[in-house]
Amino acid sequence: MSQTISNDYVSMINKSGSGYNIPEIVDAIVDAAIVPVKEVVTAQKERVETSISGMGTLKSSMSATQTLVNSMSSGSRFSLKQSPNSNFMRSTVVDQALLTEGLNTFENVEIAKPQIWRADGETTISDQTITIEFGTNGANDSGWTPSNPRRFVDVVLSGDTLSSAVTKLNSITGLTAEIVQLDSNSTNYSVVLTGETGTKNGFRMTNNASTGWTTANSATGDFFQQAVDATFDLDGQSYSRSSNKISDIIAGVEVELLSRRPEAQSTTITKSSENIQKTVETLVADLNAYKSDLNTLGFIDEVGDANGELAHSSFLRNAKRNLTSFMTAPIAGFGDNNIYFVDFGIKTAKDGSYVFDQTSFDRTYTNSPEKFDALTEDKAYASDPDVFVYAAADSAVPEGKHTFTDSDDKLSHGTTAKDLTSSSSGSGKFNFSTSDYPGFLFQTSSETPGDLTIYVGRSAKTKLLNFFSDALATAGNLDATVDLYKERASSLEARLTKIDQREALLQAQYTKQFSEMEKVVNTSTSSSDYVTQLVDGWNKS
């Protein structure tokens, strides 16, 4: 790169003799050749490093949004109301697809209790073998009936402390053993054994020593509680259960009995859109936060120099396009008709942000409330309700409607057909599966179940999680793009190193040349004239 040298440098010459300011003259010549190139490469490197930072911000935004989506709760389209309150009984939705509106009245509730055996004032334990056997038991082993099949455990105590003996007993499934301090006296302890609730979950304790812990001897057991079942009337029908948590009397609901109550209490199931709307509005906020990050990173400042870290980035443009395509794509497999985000009340505003549309939400809730199942819950089922279908969230089986033909055991989806193999799973059941779709099968009671329609639906939640997982995958485009940026930054750094080396070389060359020139100038009668002529010659060349 050529640069005109000013004769102003002649003024730097010592008029009384030879006295060039060689370093300044050399610096000026070298800077004229190096600085413009170095500035361009440095600016390129800074832009690349900014892009690397922007990619890190984008990755963090994706991860944060994925975490928020994963925390989405399943907003039930039903609500439960407990009356008179939840102090006596608590109800929880476990499967909203099974819920039906109605009033469920409980009366004469007696809660299930475990068998409890307690020995007070214990300090040591002798060597012995204790046998714990499970079944129905009363005080002092009255009315003992062992479980069928018999279930028992032998615990050998040899040189055990009270604490280690209790630890061994506590390891038995169905039994809790602990040492309890009875009062403020730190030496006043009891050994307490507790079984599980329900009449058939009692236990009998015997030993092979002349003295020791037994449930038959009231002298050693200062307290005894018999195991009993929970009993109650539901809408006039009497029931009994071994546990206080009951999930098989009201479809889709688990009821937990908390205390005895003869008086009436109820669980009322009613339809409600409030929970679902909160879920949808939360999703809108999460998606807008992610989209805002994309817009900030890709901002182009047309009047200033405040561009986003990924302004003009093709990767960012693709990320925006991918999100737009995702939000307009159908959610299939929840029936014969596809579901769209707009059915949930999620629309795109003119500025590109997402908004909650109450009208669309209400229309779907009124006409097709089951569509909201696709918001957070995956679903796999068959046209025959007796056929069980399993499809893991990460299974390769495509979402949507599949057709199984019994004559050739083929599962078809669109233009793709897969051969299925059947195998007996025991108990008269048959599993149909294919190695092409790991994590997928359907189970029937016949090896020739007839033609079936199989539906595999992945919820909006699962699809969003997979969307961000694919983007964040180690082998994905994001990391590959970051690697390219890093390679570019490394290449530019190497180029800057070469420029620095070139600068040092020119510095040495020009310093040597001007030093030699100084010798010639020292022989000249007029250094000023000589340099003027020399510089003029350079400018003409």
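Here the structure is a predicted model, which means the values were calculated and not measured.

*Asks:* Looking at this model, I keep getting lost on the pairing of strand S5 (residues 128–136). Mind explaining?
*Replies:* If a strand is regular, its side chains alternate between the two faces of the sheet. In terms of burial, S5 is largely enclosed, as seven of its nine residues are buried. Examined bridge by bridge, S5 and strand S7 (residues 152–157) share six bridges and lie antiparallel to one another. What sits directly across from Thr 129, in S7, is Val 156. With six bridges joining them, S5 and strand S10 (residues 202–207) adopt antiparallel strand pairing. Residue pairing for S10: Ile 130 is matched across the bridge by Asn 207. Relative to strand S6 (residues 145–146), S5 runs antiparallel, the two being bridged by two bridges. Along S6, the bridge assignment pairs Thr 136 with Thr 145.

*Asks:* What's the story with the sheet that holds strand S2 (residues 89–93) in this structure? I'm lost.
*Replies:* Strands pair in a sheet through their backbones, by hydrogen bonds, and they do so in one of two ways: parallel or antiparallel. With antiparallel pairing, the three strands of this open sheet are ordered in space as S2-S15-S14. Taken across any chain shown, the strands that pair with only one partner, and hence form the sheet edges, are S2 and strand S14 (245–250). Between one strand and the next, the sheet's axes are offset by a mean angle of 35°, whatever the strand orientation.

*Asks:* Explain helix H2 (residues 162–170) here, please?
*Replies:* In an α-helix there are 3.6 residues to a turn, and that puts residues three or four apart on one side. Among the residues of H2, Leu 162, Ala 165, Val 166 and Leu 169 are the ones counted as buried. Mapping the buried residues of H2 onto a view down its axis gives an arc of 95°, with all of them on the same face.

*Asks:* Help me understand the pattern of salt bridges, please; the structure alone is not making it clear to me.
*Replies:* Pairing of side chains with opposite charge becomes possible as their charged atoms draw close. If you walk through the whole model with that rule in mind, you get 14 salt bridges. Ionic pairing is found between Lys 371 and Asp 343, a salt bridge with its closest N-O pair at 4.0 Å. Here Asp 343 lies in the loop between helix H4 (314–328) and strand S17 (346–348) and Lys 371 lies in the loop between helix H5 (358–367) and helix H6 (373–376), a separation of 28 residues in the sequence. Owing to a relative accessible area of 23%, Lys 371 belongs among the partly exposed residues under this scheme. We classify Asp 343 as buried; its relative accessible area is 16%. Between Asp 419 and Lys 410 there is a salt bridge, with the nearest N and O atoms lying 2.5 Å from each other. Connected via shared salt-bridge partners are Glu 133, Arg 150 and Arg 204.

*Asks:* Can you walk me through the sheet that holds strand S19 (residues 379–382) in this structure?
*Replies:* Spatially, five strands are ordered S19-S27-S21-S22-S23 in an open sheet, and the strand pairing comes out antiparallel. The open sheet is flanked by S19 and strand S23 (416–419), the only strands paired with a single partner. Between one strand axis and the next, the sheet turns by 20° as a mean value, whatever way the strands run.

*Asks:* For this particular structure, what's the right way to read the confidence of the model for the protein chain?
*Replies:* Overall, the prediction assigns the protein chain a mean pLDDT of 85, with 89% of residues at 70 or greater. Within the protein chain, helix H9 (residues 527–540) has the poorest average pLDDT of any element, 66, and strand S12 (residues 230–234) the best, 97. Note that residues 13–18 has pLDDT below 50 and, in this model, eight contacts with residues that lie over four places away or in other chains.

Rules used in this analysis
Residues numbered from 1 in each chain as written. Predicted model: local features only at pLDDT ≥ 70, side-chain atom pairs only at ≥ 80, totals over all residues. Heavy atoms only, no water. Buried < 20%, exposed > 50% of the residue type's maximum accessible area, 1.4 Å probe, protein only. Helix = DSSP H or I, 4+ residues; strand = E, 2+ residues; numbered from the N terminus. Pairing = 2+ DSSP bridges. Axes fitted to C-alpha atoms, helices over the stretch in contact; angles between N-to-C directions. Arc of directions from axis to C-beta. Salt bridge = Lys/Arg side-chain N within 4 Å of Asp/Glu carboxyl O. pLDDT = per-residue confidence, 0-100. Contact = heavy atoms within 4.5 Å.

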